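# Observations on the three-dimensional arrangement
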Amino acid sequence: MEATVSDERPSPDGPATFREVFGQSEYRTVLVASVLSWVGDYVAKAAVTVLVYRESESIALSAAAFAVSYLPWLVGGPLLAALAERYRYRQVMVVCDVIRMALMALIAVPGVPVWAILALLFATTLANPPSQAARSALMPAILTGDRLVLGLSLNASSAQAAQVVGYLLGAAVAAVDPTVALLINAATFAVSAALTQFGVRDREPAMSGAHRSHLLRETGQGFQIVFGTPVLRAIAVLVFSAMLFSIVPEGLAAAWAAERSGDGLDSGVAQAVIMAANPVGFILGGLVVGRAVAPARRLALMRPLAVIAPLVLVPTLFDPPPVVVALLAAACGFAAAGLLPTANGLFVRALPNGYRARAFGVMATGMQVIQGASVLVTGLLADRFSIPLVVGLWSAAGVVLMLVTALRWPDGETIDAAVAAADRANRDDTAARDGAPGPGGRPRAGRATDGRSGGRRSHAVT
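As a starting point, this report considers the structure included with it. Computed from a predicted structure; not experimentally measured.

Quick look at the overall build of the protein now. Each helix and strand in the protein was counted, giving 20 helices and zero strands. Residues classed as buried in the protein amount to 54% of the 462 residues present. For the protein, the proportion of contacts with a sequence separation of at least 24, taken over those separated by at least 6, is 86%. A total of about 19,300 Å² of accessible surface is found on the protein, and carbon and sulfur atoms cover 66% of it.

Now the structure itself:
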């Protein structure tokens, strides 16, 4: 039976518990597989930059090896993510893991030239958008209601922790032998593929052959539903605005630490402290807000937290030492963690099932572009002005932007109407499919529902 609107709304009685979320075996499987892939990715990023630098002795090529992982999102993220709607989510995730495993193993082959390493790395990262889109679209089929919000918060916190662990492990292993780090990444993809294949149910594709059109048109429909639906558009603007400033301290950490290396910390330690602060704050915020704050309260806190996140970075105007900068960045990460998973959960509730992967592609691409652009712009400004001045004024502008965004936030009735409309579309689409004429003109028998997933996957709404 398809979940109703009331099933998807947060319970007023209190937040979901960790036991409820981890009690879902599929969620445990997806989380472990995801963490393995994330750690492996960051291990590989650290290793590839070292490997390319050793082979070429070029800082530019080494930086290109790090940046190439973002290119697929920039040049075709939504298009690649749209592929996830056409096939079974489990199939997409497993195939992408196997492809990445094989390509990372090829990169580890001794004697591969630098141009081939960059080409193979780019090909490897082409599998990221469909894989991540499929995983994102699968989550609401595994967790419903406030369990989904807590699960998304745990995912985000785990991703931040994986980043810290992956970079540290990758740097340590790459210093000895970068090839070993690359093989570790290949192994994580192999284990992730096996876990997904045997631990995740094989659900039907979100889009049948009858619903398919041209891939470009399907991708455009993803943009249309995100920016053409007032509630989804408001959430997108809020999330994109948050990304404009929260990444800046991390992106400028190296130069910032070099300028203040005389404050009791050498530049390397200061850089590490600043870069790790935001992920650590995000982890703490996700766990505290996601578990200790009631669902209705989290929704009410979204707009205040949106303003607080850039506000805590404004004191960087006074050029504090690196430890204080790290504390401010951690506070920003804490506020963002209270905001983003709740916004993500609301986004899922107001989104028809058949658009989940495509909408994820739109959102993920926007976040990648905005984060990269914000670091690029602030870096260019920091070449002419002091870093504290740039970050402080950039954050002050973020406060103004967030105030405007919060004031334009849709009211409760509009949000409820959007959630109800998405639920009706899901139920109508499911009914249309289950009642569609079968061979010989007979109606098809309705398929059994998946009690733990909250209902059978529906096709795209056209």
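The rest of the description comes next.
In this section: the side chain of Arg 135. Along the chain, Arg 135 turns up in helix α8 (residues 128-142). A polar contact of 3.3 Å, which involves the side chain of Arg 135, links it to the side chain of Ser 34. In this structure Arg 135 touches Val 30, Ser 34, Trp 38 and Met 93, once residues within four positions along its chain are discounted.

Moving on to helix α10 (residues 178-199). Taking 1.5 Å of rise per residue, the 22 residues of α10 would be expected to cover 32 Å, and the 31 Å separating its terminal C-alpha atoms lies within 8% of that figure. If you check which residues of α10 are buried, you get Pro 178, Ala 181, Leu 182, Asn 185, Ala 186, Thr 188, Phe 189, Ser 192, Ala 193 and Thr 196. Looking straight down α10, one finds that the buried residues subtend no more than 150 degrees of arc, so they occupy a single side. Capping of α10 at its N-terminal end is provided by Asp 177; its side-chain oxygen lies 3.0 Å from the backbone amide nitrogen of Thr 179.

Further remarks concern the packing of aromatic side chains. Applying the stated rule across the entire model yields two aromatic pairs. Summarising the aromatic geometry, the rings of Phe 223 and Phe 227 are spaced 6.5 Å apart at their centres and angled 20 degrees between planes, so their arrangement reads as stacked. In this pair, Phe 223 and Phe 227 both sit in helix α11 (residues 215-228), four residues apart, roughly one turn of the helix.

Here we take up the nonpolar core. Val 226, Ile 235, Leu 339, Leu 340, Phe 347 and Trp 409 are the most contacted members of the largest nonpolar core, which totals 44 residues. Those elements that provide at least two residues to this core are α11, α12 (230-246), α16 (295-311), α17 (322-349), α18 (356-382), α19 (387-407) and α20 (412-434). Ranked by size, the runner-up nonpolar core spans 30 residues in total, among them Val 30, Leu 31, Ala 81 and Leu 150.

What follows is about unusual backbone geometry. Positive phi outside glycine occurs at Asp 319, with the angle close to 55 degrees. Considering the arrangement of structural elements, one finds Asp 319 in the loop between α16 and α17. Asp 319 gets classed as partly exposed once you look at its relative accessible area, which sits at 34%.

This part takes up α16. Given a rise of 1.5 Å per residue, 17 residues ought to cover 24 Å, and the 24 Å separating the end C-alpha atoms of α16 matches this to within 8%. Most pronounced at Met 302, the bend in α16 amounts to some 45 degrees, and the proline Pro 304 follows within four residues. Of the residues making up α16, those classed as buried are Pro 295, Arg 298, Met 302, Leu 305, Ala 306, Val 307, Ala 309 and Pro 310.

Turning our eyes to something else, we now look at the packing of α8 against α18. Remark: α8 packs on α18, axes separated minimally by 8 Å, with the N-to-C direction vectors making an angle of 125 degrees. If you check the angle between α8 and α18, you find them oblique. Remark: the crossing between α8 and α18 carries right-handed chirality. In contact with Pro 129, Gln 132, Ala 133, Ser 136, Ala 137, Pro 140 and Ala 141 of α8, α18 contributes Arg 356, Ala 357 and Phe 360. Looking at side-chain class alone, the contact of α8 with α18 contains seven nonpolar, two polar and one charged residues.

Our focus in this paragraph is a nonpolar patch on the surface. Among the surface-exposed residues, Leu 317, Phe 318, Val 377, Leu 381, Phe 385, Leu 389 and Leu 393 lie close enough to one another that they form a single nonpolar patch of about 630 Å² accessible area. Among the secondary structure elements, those contributing two or more residues to the nonpolar patch are α18 and α19. Inspection of the secondary structure puts Leu 389 in helix α19.

The next point concerns the environment of Arg 233. Relative to the assigned elements, Arg 233 resides in helix α12. On a C-alpha basis, the gap between Arg 233 and Trp 409 in space is 10.0 Å, while along the polypeptide they are 176 residues apart. If we skip the residues at most four places from it in the chain, Arg 233 touches Val 226, Phe 227 and Gly 228.

With that out of the way, let us pick up the environment of Ile 370. On the secondary structure map, Ile 370 appears in helix α18. Apart from the residues within four sequence positions on either side, Ile 370 is in contact with Phe 240, Met 243 and Leu 244.

Moving on, we come to the packing of helix α3 (residues 25-56) against α10. Following both chains from N to C, one finds α3 and α10 inclined at 160 degrees, their axes separated by 8 Å at the closest point. By the angle class used here, α3 and α10 are roughly antiparallel. The handedness of the crossing between α3 and α10 comes out as left-handed.

Another point: the side chain of Thr 316. Locating Thr 316 in the fold gives a position in the loop between α16 and α17. On the basis of relative accessibility, which here comes to 1%, the residue Thr 316 falls in the buried class. A distance of 2.6 Å separates a polar atom in the side chain of Thr 316 from the backbone oxygen of Leu 313.

Criteria and cut-off values
- Note on numbering: residues in each chain are counted from 1, in written sequence order.
- Thresholds applied to this predicted model are a pLDDT of at least 70 for local features of residues and 80 or more for the giving and counting of side-chain atom pairs; totals over whole chains, interfaces and linings are not thresholded and use all residues.
- For the side-chain quantities, the full set of heavy atoms in the structure was used; hydrogens and water were omitted.
- Per the convention used, a helix needs a DSSP run of H or I reaching at least four residues, while a strand needs a run of E reaching at least two, with both numbered from the N terminus.
- Whether a residue is buried, partly exposed or exposed follows from its accessible area with a 1.4 Å probe, protein chains only, as a fraction of its type maximum: under 20%, in between, or over 50%, in that order.
- Two residues form a contact once any of their heavy atoms are found within 4.5 Å.
- Each accessible area is a Shrake-Rupley result for a 1.4 Å probe, and residues are judged covered by the shown protein chains and nothing else.
- Between N or O atoms, a polar contact is any pair within 3.5 Å; within protein, one atom must be a potential hydrogen donor and the other a potential acceptor, and residues adjacent in sequence are included only when both atoms are from side chains.
- Here the expected span of a helix is defined as 1.5 Å times the quantity of residues minus one.
- The arc in question is formed by the directions pointing from the helix axis toward the C-beta atoms.
- Ring geometry is summarised as follows: Phe, Tyr and Trp rings, the Trp one being its six-membered ring, pair when their centres sit within 6.5 Å, and such pairs are stacked at plane angles under 30 degrees, edge-to-face over 60 and tilted between the two.
- By nonpolar core we mean a set of buried residues, namely Ala, Val, Leu, Ile, Met, Phe, Trp, Tyr and Cys, connected to one another through side-chain atoms within 4.5 Å.
- Think of it this way: the bend at a residue is just the angle between two axes, each fitted to seven residues, one set ending at that residue and the other starting at it.
- For helices, the fitted axis covers only the stretch in contact; all axes are lines through C-alpha atoms, and the angles between them, taken along N-to-C directions, range from 0 to 180 degrees.
- The cut-offs work like this: below 35 degrees is roughly parallel, past 145 is roughly antiparallel, 65 to 115 is roughly perpendicular, and the gaps in between are oblique.
- Handedness of a crossing follows from how the near helix is turned relative to the far one, being left-handed for an anticlockwise turn of less than a right angle and right-handed for a clockwise one.
- Each residue is assigned to one of three groups, with Ala, Val, Leu, Ile, Met, Phe, Trp, Tyr, Cys and Pro labelled nonpolar, Asp, Glu, Lys and Arg labelled charged, and all others, Gly among them, labelled polar.
- Only residues above 30% relative accessible area that lack a salt bridge enter a patch, with like-charged residues linked at up to 9 Å and the nonpolar side chains Val, Leu, Ile, Met, Phe, Trp and Tyr linked at up to 5 Å.
- Any carboxyl oxygen of Asp or Glu within 4 Å of a side-chain nitrogen of Lys or Arg constitutes a salt bridge here.

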